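# Fold and geometry: a report
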Amino acid sequence: MKKLSTYLVSLILSVMLVFAVIATALAAVVRTNVTAEKSIKLSERINIYSSVKGELQKYFGNQYNTTGVPANVYMDAVDEDYIRSITDAYTNALFTSLESGDVVLLETPPNKTMENNIENFFSEYADSNGYEKDEVYNKKVAATTRNAYHVIENYCDVYKYGTIMEHGILSKASKVYSNLGKIMAVCTGALIFLVILLILVNIKGISGTLYWLGVSALIAGVFGTVPTAYLLGVNYFDSFVIKQPQVFRTFTSAMYGLTEAFMAVHIAVLATGVIFIVMYAVLNRLSKKI
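For the structure given in this document, a descriptive report is provided here. (Residues numbered from 1 in each chain as written. Predicted model: local features only at pLDDT ≥ 70, side-chain atom pairs only at ≥ 80, totals over all residues. Heavy atoms only, no water.)

## Here we look at the side chain of Gln244
- Within the element layout of this structure, Gln244 appears in the loop between α12 (206-233) and α13 (245-289).
- The contacts of Gln244, once residues within four sequence positions are left out, are Asn154, Tyr155 and Lys160. (Helix = DSSP H or I, 4+ residues; strand = E, 2+ residues; numbered from the N terminus. Contact = heavy atoms within 4.5 Å.)

The structure is reproduced here in structure tokens:
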């Protein structure tokens, strides 16, 4: 009867331990990888700044038939360093807001060369066509300049900070993100507590503890490895429909990175489970010989 009660309690604790391991791994992976520093490093690794420049070139080129302003008027003044400064500023603002819950207002660095290019283009156009540089002319120059900055900001905001704010997602996401440390501490504490209970329940036999820890780790490892391996194997995130290519590339790269990190942790958990089971088998065999 005592052995049966020990088995049942160990089984229940083992099941709880599986979920504690998965929750702790998830919290650790998110807290470690979802940061401004890691996001900026990702942007550098996939050279997102070059992608943004290419997309801006394409956009302004396509707009020529509508606005009559050649793409080079803008792009001759927009290099990758300028794009990097805006992109990284948006990324930092996103994570600062997630941490604090407050909206961070951004001021795009002025690009005097681009402003001068726009002004010179309209000035030359007005002079060659005999148009008066009146209030209407000034408004047109100002509107074109504002629109250029707006387009550049939109394309540089690869993590869609503006969209997150606009749709009220920021406050909800901040409640989780700002408490990741506490969530991880609770999960880790629960994990340690369950391990201690499992040891106490099987205090008379270390082999029993190794068995249940091994089983828990094996199951948690499988639960974490199989789904992530499937997601990576079928390129699941490639099916996401995001209009802007640079945002799609950033998002999918980030999601694949998180999935790979989560899988790596659970492969390690799975390996740990195998080690515990092997140790259990060895101790069990030695005890029988003795």
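Now that the structure has been shown, we can carry on.
## What to know about the side chain of Thr225
- Within the secondary structure, Thr225 sits in helix α12.
- Among the residues examined, Thr225 registers a relative accessible area of 14% and is labelled buried.
- Polar side-chain contacts of Thr225 include one of 2.7 Å to the backbone oxygen of Gly221. (Buried < 20%, exposed > 50% of the residue type's maximum accessible area, 1.4 Å probe, protein only. Polar contact = N/O pair within 3.5 Å; in protein donor to acceptor, adjacent residues only side chain to side chain.)

## Considering the nonpolar core
- With 44 residues, the main nonpolar core has Val52, Leu56, Val78, Met114, Ile118 and Ile152 as its most contacted residues.
- Going through the elements one at a time, α2 (36-45), α3 (48-62), α5 (71-75), α6 (80-100), α7 (112-129), α8 (135-156), α9 (161-166) and α10 (169-177) are the ones with two or more residues in this core.
- One finds Leu17, Ala20, Val21 and Leu213 within the second-largest nonpolar core, a separate group that totals twelve residues. (Core = buried A, V, L, I, M, F, W, Y, C linked by side-chain atoms within 4.5 Å.)

## Focus: the packing of α2 against α6
- Between α2 and α6, the least distance of the axes is 9 Å, while the angle of their chain directions is 150°. The orientation of α2 with respect to α6, classified from their angle, is roughly antiparallel. Note on packing geometry: the crossing formed by α2 with α6 is right-handed. Along the contact surface, α2 presents Ala36, Ser39, Ile40 and Glu44, while α6 presents Arg84, Asp88, Thr91, Asn92 and Phe95.
- When the residues that make up the contact of α2 with α6 are grouped by side-chain class, the tally is three nonpolar, three polar and three charged. (Axes fitted to C-alpha atoms, helices over the stretch in contact; angles between N-to-C directions. Parallel < 35°, antiparallel > 145°, perpendicular 65-115°, else oblique. Left-handed = near helix turned anticlockwise from the far one by under 90°. Nonpolar A, V, L, I, M, F, W, Y, C, P; charged D, E, K, R; others polar.)

## Concerning a nonpolar patch on the surface
- Residues Leu4, Tyr7, Leu8, Leu11, Val15 and Phe19 make up a contiguous nonpolar surface patch of roughly 570 Å² in combined accessible area.
- Looking at the element boundaries, Leu11 is found in helix α1 (residues 2-33). (Patch = residues over 30% accessible without salt bridge, like charges linked within 9 Å, V, L, I, M, F, W, Y side chains within 5 Å. Areas by Shrake-Rupley, 256 points an atom, 1.4 Å probe, with all protein chains shown as cover. Salt bridge = Lys/Arg side-chain N within 4 Å of Asp/Glu carboxyl O.)

## Re the environment of Leu11
- By relative accessible area, which is 34% here, Leu11 ends up partly exposed.
- Measuring from C-alpha to C-alpha, the distance between Leu11 and Ile164 comes to 43 Å, with 153 residues separating the pair along the chain.

## Remarks on the pattern of salt bridges
- Under the criterion given, the structure shown has four salt bridges.
- The partner of Lys58 in a salt bridge is Glu55, with the nearest N and O atoms 3.6 Å apart. With Lys58 and Glu55 both in helix α3 and three residues apart, the pair spans about one turn of that helix.
- With a relative accessible area of 16%, Glu55 lands in the buried category.

## Regarding α2
- Buried within α2 are the following residues: Ala36, Ser39, Ile40, Leu42 and Ser43. The buried residues of α2 all sit within an arc of 155° when viewed along its axis, so they share a single face. The exposed set on the far side of α2, more than 90 degrees from its buried face, consists of Glu37, Lys41 and Arg45.
- Two residues or fewer past α2, Asn47 is found with a positive phi of approximately 50°. (Arc of directions from axis to C-beta.)

## Overview of the packing of α7 against α8
- Where α7 meets α8, the axes come as close as 10 Å, and the angle between the chain directions of the two elements is 145°. α8 is crossed by α7, and the crossing has right-handed handedness. Residues Met114, Glu115, Ile118, Glu119, Phe122, Ser123 and Ala126 of α7 form the contact with α8, whose own contacting residues are Tyr137, Lys140, Val141, Thr144, Thr145, Ala148, Tyr149 and Ile152.
- Of the residues contributing to the contact of α7 with α8, the split by class is nine nonpolar, three polar and three charged.

Interpretation in functional terms is not warranted from these geometric data alone.
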